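# Structural overview for review
Listed below are the residues making up each chain.
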Amino acid sequence: GWPEHAPFDKIIVTCSPEKVPPALVEQLREGGRMIVPVGERYQQTLYLFEKHDGKLSRLELLPTLFVPMTGQAEEARIVRPDPAHPSIYNGGFEELVSKDSKGAAPPAEARASENLPAANQPAPRPAGWHYQRQLTLEEAPDAPEGTHYVTFSNSEPGRGAQALQGMPVDGRKVRELDVSLWVKADNVRPGANDSQQPMLAVTFYDDNRAETGYTWVGPWRDSFAWQRVSEKLRVPPRAREAVVRIGLSGGTGQISFDGIRVEAAK
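Notes on the structure in this doc start here. (Residues numbered from 1 in each chain as written. Predicted model: local features only at pLDDT ≥ 70, side-chain atom pairs only at ≥ 80, totals over all residues. Heavy atoms only, no water.)

Attention now goes to the nonpolar core. Among the nonpolar cores identified, the biggest contains 35 residues, and Phe152, Leu181, Ile246 and Phe257 are the most heavily contacted of them. Of all the elements in the fold, those that place two or more residues in this core are strand S9 (148–154), strand S10 (162–168), strand S11 (176–189), strand S12 (199–205), strand S14 (222–234), strand S15 (241–247) and strand S16 (252–264). By residue number, the principal contributor to this core is S11, which donates six residues. In terms of nonpolar packing, the next biggest core, distinct from the first, is built from 13 residues, Val13, Leu24, Val25 and Tyr47 among them. (Core = buried A, V, L, I, M, F, W, Y, C linked by side-chain atoms within 4.5 Å. Buried < 20%, exposed > 50% of the residue type's maximum accessible area, 1.4 Å probe, protein only. Helix = DSSP H or I, 4+ residues; strand = E, 2+ residues; numbered from the N terminus.)

Evaluation of the coordinates by the stated rule reveals seven aromatic pairs. Ring geometry for Trp2 against Phe8: centres 6.4 Å apart, planes inclined by 20°, an arrangement best described as stacked. Among the aromatic residues, those joined into a cluster by ring pairs are Phe152, Trp220 and Phe257. The ring of Tyr42 has Arg41 lying over it, and the distance from NZ or CZ to the ring centre is 4.6 Å. Over the face of the ring belonging to Tyr131 we find Arg133, whose NZ or CZ atom lies 3.9 Å from the ring centre. (Phe/Tyr/Trp six-rings, centres within 6.5 Å; stacked < 30°, edge-to-face > 60°. Lys NZ or Arg CZ within 6 Å of the ring centre and 35° of its normal.)

Here S11 pairs with S14 via 10 bridges, running antiparallel. When the bridges of S14 are listed, Val179 appears paired with Glu231. (Pairing = 2+ DSSP bridges.)

What follows covers the pattern of salt bridges. Counted according to the given criterion, the structure contains 14 salt bridges. The residue Asp170 makes a salt bridge to Arg172 at a minimum N-O spacing of 2.8 Å. With a relative accessible area of 3%, Asp170 lands in the buried category. If you follow the salt bridges from partner to partner, you end up with Asp170, Arg172, Asp207 and Arg240 in one network. (Salt bridge = Lys/Arg side-chain N within 4 Å of Asp/Glu carboxyl O.)

What follows covers unusual backbone geometry. Cis rather than trans, the peptide bond between Ala6 and Pro7 has omega equal to 5°. Here Pro7 shows up in the segment before strand S1 (8–12). Following Gly218, the chain continues into Pro219 via a peptide bond in cis, with omega recorded as -5°. Positionally, Pro219 belongs in the loop between strand S13 (211–217) and S14. Located in the positive-phi region is Asn90, a residue other than glycine, with phi close to 55°. In this structure, Asn90 sits in the loop between helix H2 (72–75) and strand S5 (96–97). Look at Asp222: it is not a glycine, yet its phi comes out positive at around 65°.

The values reported here are purely geometric and, on their own, carry no functional implication.
Right, dumping it as structure tokens:
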């Protein structure tokens, strides 16, 4: 924070702590507002906090992925990444932001969304997946797992229609990933070039967050009903983290995903 110039009417935090640092709460003026991405290292929610009577209320906005906060806030993190056991969170899309809180904020904080009219409530989004583009959250009895799945729709070749999720993975300890998912498609075609095709893609990054590898499951074309897909993907030795992308990736048509699982191959 910046205590010598406090209190502040508004605070915007552009890195992610596990919980809101008490110093920032103290430096926020009564009635002030604060935007913070809060949560685990790779599963965060962007919150709007408001301070009333010395306490915070909160409103979930959307899933995000920010770099971690450094210093004491990061050193005190309780839930730490486990790069020897990579996994996808909420691959069945059953946990929703703005409908069910993950408890990222202290219990004493009220949920501001409870006081909003229904028309002003944020639309539910799948938790854990950030940068959602052209995504529709589906609730239907034909979902392969649970009651929800996601569908990406796009009619403009090259336009982004995707969702991403980060995860830790140490290429010195994990040589391959077991990837499985349910997928269905309706009139799916490549985009402006052959690299723009519907798929599940994994981009790996090293210690300096420089790209060190890229692989995928798919691509898919045409139309087909729900099918189960399983593959093994190689992990580069220099990998320390990865970003998983699902969607049309510049392709056109409609593609749906459910039951996504990623774990270290045995």
